[in-house]
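Now for the letters of each chain:
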Amino acid sequence: MSHEEYIEKQRKHAAEVASGMLDGSIHYLEGAIKLSSLRFEVGLPENDSDFLAFTCVSSEIDHLPIGAPRQYWSKEALERHEPEMQQSIEWAKEVSLSECKSIVARFNA
């Protein structure tokens, strides 16, 4: 696989993640973490505003039980963090929903 093919594959993956976040098939916060991790894989400047939004979100939610590590949290801890999780989803959408849509529009060709 050439570098250009790799970049194209990662851009399509970013569009799939963002699309899933928009339609609810991917947990919004999990998607934000994934898009943040794809930031350096899509062949854009590191200060690309669409991906920076998800880096910001990811850094603010890194203490929450999200994704695979969630399985290691106790039921009580998960219940205790649930209100913060819901608030974080609302906040994340406020600060990154337009960027999520932009990633879909840019790479879903």
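Structural data are supplied above this passage.
Here is a short report on the structure shown in this document. Bear in mind the structure is a predicted one, so any value in this text is a computation, not a measurement.

### Quick notes on the overall build of the protein chain
For the protein chain, the count of helices and strands is four helices and zero strands. Counting helices and strands in the order they occur from the N terminus, the protein chain gives α-α-α-α. What you see for the protein chain is a C-alpha radius of gyration of 15 Å, in line with the 13 Å of a compact globule of 109 residues. Taken along the three principal axes of its C-alpha coordinates, the protein chain extends 45 × 30 × 25 Å. Counting the 109 residues in the protein chain, one finds 38% classified as buried. Of the contacts formed within the protein chain by residues at least 6 apart in sequence, a portion of 64% connects residues at least 24 apart. Of the roughly 6500 Å² that the protein chain leaves accessible, carbon and sulfur atoms contribute 51%.

### Focus: helix H3 (residues 49-60)
With twelve residues, H3 extends 17 Å between its outermost C-alpha atoms, agreeing within 8% with the 16 Å of an ideal straight helix rising 1.5 Å per residue. Along H3, the residues that are buried comprise Asp-50, Phe-51, Ala-53, Phe-54, Val-57 and Ser-58. End-on, the buried residues of H3 take up no more than an arc of 150°, which puts them together on one face. The inward-facing, buried residues of H3 abut helix H1 (3-23), helix H2 (28-38) and helix H4 (75-107). For H3, the N-terminal cap is Asp-48; the gap from its side-chain oxygen to the backbone nitrogen of Asp-50 is 3.2 Å.

### Regarding the packing of H3 against H4
H4 packs onto H3 with a crossing angle of 145° between their chain directions and a minimal axis gap of 9 Å. Pair H3 / H4 crosses with left-handed handedness. Along its contact with H3, which presents Ser-49, Asp-50, Phe-51, Ala-53, Phe-54, Cys-56, Val-57 and Glu-60, the element H4 presents Trp-91, Ala-92, Val-95, Ser-96, Glu-99, Cys-100, Ser-102, Ile-103, Arg-106 and Phe-107. Its residues assigned to classes, the contact of H3 with H4 comprises eleven nonpolar, three polar and four charged.

### Concerning the packing of aromatic side chains
Two aromatic rings are characterised by how far apart their centres lie and by the angle between their planes. Within this structure, the stated rule accounts for one aromatic pair. Note on Phe-51 and Phe-107: the rings are 6.4 Å apart at their centroids and 40° apart in plane angle, and the pair reads as tilted. Remark: Phe-107 occurs in helix H4 and Phe-51 occurs in helix H3; sequence separation between them is 56 residues. Both residues of the pair, Phe-51 and Phe-107, belong to the buried class.

### Describing the environment of Leu-22
Note that Leu-22 resides in helix H1. For the pair formed by Leu-22 and Lys-93, sequence separation is 71 residues and the distance between their alpha carbons is 9.6 Å. Residues in contact with Leu-22, not counting those within four places in the same chain, are Leu-97, Cys-100, Lys-101 and Val-104.

### Description of the pattern of salt bridges
In this structure the tally under the stated criterion is four salt bridges. Note that Glu-8 is salt-bridged to Lys-12, the shortest N-O span being 3.6 Å. On the criterion of helical spacing, the pair formed by Glu-8 and Lys-12 is a turn pair, its members being four residues apart in helix H1. Residue class for Glu-8 comes out partly exposed when judged on its relative accessible area of 38%. Across the pair Asp-50 and Arg-106 runs a salt bridge, and its minimum N-O distance is 2.7 Å. Highlighted residues: Asp-50 in helix H3 and Arg-106 in helix H4, separated in sequence by 56 residues. Salt bridges sharing partners connect three or more residues here, namely Asp-48, Asp-50 and Arg-106.

Conventions used here
Residues numbered from 1 in each chain as written. Predicted model: local features only at pLDDT ≥ 70, side-chain atom pairs only at ≥ 80, totals over all residues. Heavy atoms only, no water. Helix = DSSP H or I, 4+ residues; strand = E, 2+ residues; numbered from the N terminus. Rg over C-alpha atoms; globule rule 2.2 N^0.38 Å. Buried < 20%, exposed > 50% of the residue type's maximum accessible area, 1.4 Å probe, protein only. Contact = heavy atoms within 4.5 Å. Areas by Shrake-Rupley, 256 points an atom, 1.4 Å probe, with all protein chains shown as cover. Expected span 1.5 Å × (residues − 1). Arc of directions from axis to C-beta. Polar contact = N/O pair within 3.5 Å; in protein donor to acceptor, adjacent residues only side chain to side chain. Axes fitted to C-alpha atoms, helices over the stretch in contact; angles between N-to-C directions. Left-handed = near helix turned anticlockwise from the far one by under 90°. Nonpolar A, V, L, I, M, F, W, Y, C, P; charged D, E, K, R; others polar. Phe/Tyr/Trp six-rings, centres within 6.5 Å; stacked < 30°, edge-to-face > 60°. Salt bridge = Lys/Arg side-chain N within 4 Å of Asp/Glu carboxyl O.

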